[in-house]
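Spelled out, the chains give:
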Amino acid sequence: MKQAAKMNATAHAIKAPHGTKLTAKSWLTEAPLRMLMNNLDPEVAENIRVGLMPDSLRGMLFSPPDAGAELDLATSVGFSAEDLDRLPSELSMGDLRKLELA
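Student: Which residues make up the environment of Met 35, and what are the values?
Tutor: Structurally, Met 35 is set in helix 2 (residues 27-40). Since its relative accessible area comes to 54%, Met 35 is described here as exposed. Counting along the chain gives 19 residues from Met 35 to Ala 16, while the straight-line C-alpha distance between them is 8.4 Å.

Here's what the structure looks like:
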């Protein structure tokens, strides 16, 4: 409880705990607390700008799909061109596992 009060007083300086010592009542509550604190800890938080591709995110999201790339991927895991026209609900579990491994 002391650490929670300390976090509220210094919200800009949150440091994620390390090791096996609990700061919450149990590991069931400690795990999500550490995940949140890791996102706020400047030493371990990810810089989202580093992970972006050189193309703009908007361009990747709103550009039309590349049919050739989709067909190449489909054939590489054992699908035919006709399978691309099927709805996801029409695929069997085996088909879904093929896609999962692609």
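Student: Can you break down helix 2 residue by residue, with the values?
Tutor: Since one α-helical turn is 3.6 residues long, residues separated by three or four positions face the same way. With 14 residues, helix 2 extends 20 Å from end C-alpha to end C-alpha; this agrees with the ideal 20 Å at 1.5 Å per step. All buried positions along helix 2 are accounted for by Glu 30, Arg 34 and Met 37. Relative to the axis of helix 2, the buried residues are bounded by an arc of 70° and lie together on one face. In helix 2, the exposed positions angled more than 90 degrees off the buried face are occupied by Leu 28, Met 35, Leu 36 and Asn 39.

Reading the values: rules and limits
- Residues numbered from 1 in each chain as written.
- Predicted model: local features only at pLDDT ≥ 70, side-chain atom pairs only at ≥ 80, totals over all residues.
- Heavy atoms only, no water.
- Helix = DSSP H or I, 4+ residues; strand = E, 2+ residues; numbered from the N terminus.
- Buried < 20%, exposed > 50% of the residue type's maximum accessible area, 1.4 Å probe, protein only.
- Expected span 1.5 Å × (residues − 1).
- Arc of directions from axis to C-beta.

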